[in-house]
Protein chains: 2
Amino acid sequence: MSEIDVVVQEVGPRDGLQNVERTMPTDAKMEWIGAVCEAGVPQVQVGSFVPPRLIPQLADTGEIVRRTREGWPDVALSVLIPNLKGAELALPTGPDQVAFVLSASAAHNERNVRRPVDESLADFARIVALRNELDPGRRVKVSGGIATAFGCTMQGAVPEAEVLRLAETLAEAGADRIGIADTVGYANPGQVRRVFTDVRAAIGPDIALGAHFHDTRGLGLANVLAALEAGVRQFDGGMGGLGGCPYAPGATGNIVTEDLVFMLESMGLRTGIDLERLVAARRIMEAHLPGEPTHGTFVKAGAPKGFVPASRAA
Amino acid sequence: MSEIDVVVQEVGPRDGLQNVERTMPTDAKMEWIGAVCEAGVPQVQVGSFVPPRLIPQLADTGEIVRRTREGWPDVALSVLIPNLKGAELALPTGPDQVAFVLSASAAHNERNVRRPVDESLADFARIVALRNELDPGRRVKVSGGIATAFGCTMQGAVPEAEVLRLAETLAEAGADRIGIADTVGYANPGQVRRVFTDVRAAIGPDIALGAHFHDTRGLGLANVLAALEAGVRQFDGGMGGLGGCPYAPGATGNIVTEDLVFMLESMGLRTGIDLERLVAARRIMEAHLPGEPTHGTFVKAGAPKGFVPASRAA
């Protein structure tokens, strides 16, 4: 495999599918995830350990982790966990990363995980301790994620100082990685540059830093550019922009992985991902979700004439 | 009117309508353009002086200029001209700007205006001379535009050195403004930053510099951000992303004005444009083009909760 400049994580099987009403059968998911792995995507978030009564679409996450691990041992697998209980369920299945998420908006945290933000922070410390106990070599990485970091549909603006405080606390608690998410598509590039620059300064150079953007208001890739300039080298994308928002018909969900990869590769940044195979994987996803709205421009317009992706350049 | 940090020019009545098959009646255009002016858009490209047999949709440009001038005397009006003949027709109608365009791709220039690039350059000098003769006070500005500056569907890659040579030649010939266009949506942010930085260095600080992006591959607003960082403060947008490409169904045309304005305003850059009124103008355009595909995210998702546009901040 060629060297990689930027890590693109495909989160469609988690963030996309949890926002799609129907449940994709396990074998269909495996066909899709397998194609994603074959396209060279280095990391996939394959599901979450949230009670199945809340998100039935992801009830098969344990099996998905095991089957993906077996078929594509070199691809890093992430699973989302909302709390310690999630970590207890997730760790024995053998992922490479458990991705804990809390919200910078108190109102959103209350609704999403039913507890105050500081209780989530306390839980994070327990999750790190559990990982250290079960996995003393710390092969499994613990990511501390901050959702609604750029604004919240309930609370409105979110103070940048609160995001900074949460990032510092997660880092001190032992996070291997900090993820910062624009859960509802409120971020603008100026804000993105400030937040990531300040967070990097606060947590030091050794903890990985990832960005998760939604494209609800069309600024997703501009926000990626701003984050790149602030030194971020890990980005989440969702194939086809699956998910969207139930309150904004036609609005996209995650930034579209194919468009993200096209932008990075056209800028000379190697992702290790083959765009044609990525589009093939998208076709598989679409075939398993007939009628579901999908988004993205690369899939319609194709590559520019004579385009050479950075990952294929000499 | 509040001060403006960035000039957004609405080009939908020219670049959008010339790519829509049907012809919008003059009164309908006036209703749309009037609403655009009422939204605070400081400059509108209302049409072109191209032979009506080639672009029948814009045959009424002279009348549009006169009626818009009469109704909204403070809004700057631009018209596109492909050659000296266009300038001869355009100047007597009283626009504020005549926007000449040639292509950096020789193949595209041959197809678009049926002559070699150097003949277009020679024509530009004659256009400046004509303006100087008819308008010694130089109230009407002459813009020299470089199309396909980031790549061409016929030629593929376009050398950055050629774009630089063209910009320098247009500047030496007396351009008041240089416009650089990604006519087919090939540009990436790295390229955009290089080209605009180099062009600015080559033409000096006194000539205005404008950017025109298409969103064919989803990178339009990221390219705007890169151009902003290179010091560009004039951007074209097309309401609803009208136009697209006949060979890429569903692909957008110009970057969507509403999304562009939302990005700028959310970054603290004043455009002087009222987003709600801009959306109202879009509704008028859509009502006059029933069934025509339009694009954009702001119109679907609306403003973030508590959003205060820069133009409305104290």
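Everything here concerns the structure above.
**Some thoughts on the side chain of Thr-271 of chain A**
Residue and element names in this part refer to chain A.
Thought 1: Among the structural elements, Thr-271 can be located in the loop between helix H10 (257–266) and helix H11 (275–288).
Thought 2: Looking at Thr-271, the relative accessible area reads 0%, which means it is buried.
Thought 3: Among the polar contacts made by the side chain of Thr-271, one reaches the main-chain amide nitrogen of Ile-273 at a distance of 3.1 Å.
Thought 4: Setting aside anything within four residues of it in sequence, one finds Thr-271 in contact with Ile-4, Val-6, Val-8, Gly-40, Pro-42, Val-261, Leu-264, Glu-265 and Ser-311.

**Notes on the pattern of salt bridges**
Oppositely charged side chains may form a pair once their charged atoms are brought near each other.
Thought 1: All told, the structure shown has 40 salt bridges over all chains when counted by the stated rule.
Thought 2: Across the pair Asp-96 of chain A and Arg-69 of chain A runs a salt bridge whose closest N-O atoms are separated by 2.6 Å. Taken together, the positions of Asp-96 of chain A in the loop between helix H4 (84–90) and strand S4 (97–103) and Arg-69 of chain A in helix H3 (residues 61–71) put the pair 27 residues apart, joining distant regions of the chain.
Thought 3: The class of Asp-96 of chain A is buried, set by a relative accessible area of 18%.
Thought 4: For Asp-96 of chain B, the salt bridge is made with Arg-139 of chain B, and the minimal N-O distance between the two is 2.9 Å. With a gap of 43 residues between them, Asp-96 of chain B in the loop between helix H4 (84–90) and strand S4 (97–103) and Arg-139 of chain B in the loop between helix H6 (117–134) and strand S5 (141–147) connect regions that are remote in the sequence.
Thought 5: Salt bridges here are not isolated pairs; linked through shared partners, they connect Arg-193 and Glu-229 of chain A together with Arg-193 and Glu-229 of chain B.

**Some thoughts on the relation of the copies chain A and chain B**
Thought 1: Expressed as a screw transformation, the operator carrying chain A onto chain B has a rotation angle of 180 degrees and an axial translation of 0.0 Å, and the superposed copies differ by an RMSD of 0.0 Å. When the rotation and shift are considered jointly, the pair of chain copies conforms to a two-fold rotation axis. Across chain A, the smallest distance between a C-alpha and the rotation axis is recorded for Ala-222 of chain A, namely 1.9 Å.
Thought 2: When the interface residues of chain A are mapped onto chain B, 100% of them are again interface residues, pointing to one common binding face.

**Some words on the nonpolar core**
Thought 1: Grouped together as the largest cluster of nonpolar side chains are 188 residues, with contacts concentrated most on Phe-196 of chain A together with Phe-196 of chain B.
Thought 2: In this structure Phe-196 of chain A touches Phe-150, Ile-180, Leu-209, Gly-210, Ala-211, Phe-213, Ala-227, Ala-230 and Val-232 of chain A, once residues within four positions along its chain are discounted.

**Quick look at the environment of Thr-197 of chain B**
Residue and element names in this part refer to chain B.
Thought 1: For Thr-197, the position within the fold is in helix H8 (residues 189–203).
Thought 2: Accessibility expressed as a relative area gives 39% for Thr-197, which makes it partly exposed.
Thought 3: Separated by 63 residues in sequence, Thr-197 and Leu-134 place their C-alpha atoms 34 Å apart.

**Topic: the pairing of strand S1 (residues 7–10) of chain A**
Residues and elements named next belong to chain A.
Thought 1: Two strands pair when backbone bridges link them, and S1 and strand S8 (residues 234–237) are joined in this way by 4 bridges, in the parallel orientation. Within the sheet, the bridge partner assigned to Gln-9 lies in S8 and is Asp-236.
Thought 2: Examined bridge by bridge, S1 and strand S2 (residues 43–48) share 2 bridges and lie parallel to one another. Pairing of Gln-9 across the sheet is with Gln-43, part of S2.

**Comments concerning the packing of aromatic side chains**
Thought 1: In this structure the tally under the stated criterion is 12 aromatic pairs over all chains.
Thought 2: Judged by centre distance (6.3 Å) and plane angle (50 degrees), the ring pair of Phe-150 of chain B and Phe-213 of chain B falls under tilted. Residue Phe-150 of chain B is found in the loop between S5 and helix H7 (160–172), and its partner Phe-213 of chain B is found in strand S7 (residues 208–213); the two are separated by 63 residues along the sequence.
Thought 3: Look at Phe-150 of chain B and you get buried, because its relative accessible area is 3%.
Thought 4: An aromatic cluster is present here, built from Phe-150, Phe-196 and Phe-213 of chain A joined pairwise through their rings.

**Re the interface of chain A and chain B**
Thought 1: With 37 residues of chain A at the interface, the matching set in chain B holds 37 residues.
Thought 2: Summing both sides of the interface, chain A and chain B together bury roughly 2700 Å²; the carbon and sulfur share of this comes to 64%.
Thought 3: Among the residues chain A hides against chain B, the three largest losses belong to Arg-217, Lys-300 and Lys-305 of chain A. Together they make up 22% of the total.
Thought 4: Along the contact surface separating chain A from chain B lie 2 salt bridges.
Thought 5: In this structure, the salt-bridge partner of Arg-193 of chain A is Glu-229 of chain B, at a minimum N-O distance of 2.3 Å.
Thought 6: The interface formed by chain A and chain B contains 16 residue pairs in polar contact (both at pLDDT 80 or more).
Thought 7: Mapped by element, the contributors of at least two residues to the side of chain A that touches chain B are helix H8 (189–203), helix H9 (220–229), H10 and helix H12 (298–301) of chain A.

**Here's the deal with unusual backbone geometry**
Thought 1: Positive phi, normally seen in glycine, also occurs at Arg-114 of chain A, with a value near 55 degrees.
Thought 2: Within the secondary structure, Arg-114 of chain A is located in the loop between helix H5 (106–113) and helix H6 (117–134).

**Observations regarding helix H2 (residues 26–38) of chain B**
All names here are of chain B.
Thought 1: Its 13 residues place the ends of H2 18 Å apart at the C-alpha level, agreeing with the 18 Å of an ideal helix rising 1.5 Å per residue.
Thought 2: For H2, a buried count of 10 out of 13 residues is recorded, marking the element as mostly surrounded by other parts of the structure.
Thought 3: Turning to H2, its buried residues number three or more, namely Thr-26, Ala-28, Lys-29, Met-30, Trp-32, Ile-33, Gly-34, Ala-35, Val-36 and Cys-37.
Thought 4: Looking at the buried side of H2, the elements it contacts are strand S1 (7–10), helix H1 (12–16), strand S2 (43–48), helix H3 (61–71) and helix H11 (275–288).
Thought 5: One or two residues past the end of H2 sits Gly-40, with phi positive at roughly 95 degrees.

**Overview of the pairing of S4 of chain A**
All names here are of chain A.
Thought 1: Of all the 7 residues making up S4, 6 are buried; the element is thus mostly covered by neighbouring parts of the structure.
Thought 2: As a crossover connection, the stretch from strand S3 (residues 76–81) through H4 into S4 is right-handed.
Thought 3: As paired elements, S4 and strand S5 (residues 141–147) share 7 bridges and run parallel to each other. Residue Gln-97 lies in a different strand from S5, and its bridge partner there is Lys-141.

**Regarding the sheet that holds S4 of chain A**
Two modes of strand pairing occur in sheets, parallel and antiparallel, and in both the strands are linked by backbone hydrogen bonds.
Residues and elements named next belong to chain A.
Thought 1: Strand order in the closed barrel formed by 8 strands is S1-S2-S3-S4-S5-S6-S7-S8, and the pairing between neighbours is parallel. For this sheet, the mean inter-axis angle between neighbouring strands, taken without regard to orientation, is 25 degrees.
Thought 2: As judged from the 4 bridges shared by S3 and S4, these two strands associate in the parallel manner. Residue Ile-81 lies in a different strand from S4, and its bridge partner there is Phe-100.

**What about the sheet that holds strand S6 (residues 177–182) of chain B?**
Residues and elements named next belong to chain B.
Thought 1: Pairing is parallel in the closed barrel, where 8 strands are placed in the order S1-S2-S3-S4-S5-S6-S7-S8. Strand-to-strand twist across the sheet, computed as the mean angle between neighbouring axes with direction ignored, equals 25 degrees.
Thought 2: Sitting on the sheet, helix H9 (residues 220–229) is in contact with S6, S7 and strand S8 (234–237), with an inclination near 165 degrees to S7.

**Thoughts on the environment of Gly-86 of chain A**
Residues and elements named next belong to chain A.
Thought 1: Among the structural elements, Gly-86 can be located in helix H4.
Thought 2: Since its relative accessible area comes to 1%, Gly-86 is described here as buried.
Thought 3: The spacing of Gly-86 and Gly-156 is 70 residues in sequence and 29 Å in space, taken between C-alpha atoms.
Thought 4: When near neighbours in sequence (up to four residues on either side) are disregarded, Gly-86 contacts Phe-49 and Ile-81.

Rules used in this analysis
- Residues numbered from 1 in each chain as written.
- Chains lettered and ligands numbered in written order.
- Predicted model: local features only at pLDDT ≥ 70, side-chain atom pairs only at ≥ 80, totals over all residues.
- Heavy atoms only, no water.
- Helix = DSSP H or I, 4+ residues; strand = E, 2+ residues; numbered from the N terminus.
- Buried < 20%, exposed > 50% of the residue type's maximum accessible area, 1.4 Å probe, protein only.
- Polar contact = N/O pair within 3.5 Å; in protein donor to acceptor, adjacent residues only side chain to side chain.
- Contact = heavy atoms within 4.5 Å.
- Salt bridge = Lys/Arg side-chain N within 4 Å of Asp/Glu carboxyl O.
- Least-squares fit on C-alpha atoms with pLDDT ≥ 70 in both.
- Core = buried A, V, L, I, M, F, W, Y, C linked by side-chain atoms within 4.5 Å.
- Pairing = 2+ DSSP bridges.
- Phe/Tyr/Trp six-rings, centres within 6.5 Å; stacked < 30°, edge-to-face > 60°.
- Buried area = accessible area lost by both parts, 1.4 Å probe.
- Expected span 1.5 Å × (residues − 1).
- Right-handed = clockwise from strand over helix to strand, strands pointing away.
- Axes fitted to C-alpha atoms, helices over the stretch in contact; angles between N-to-C directions.

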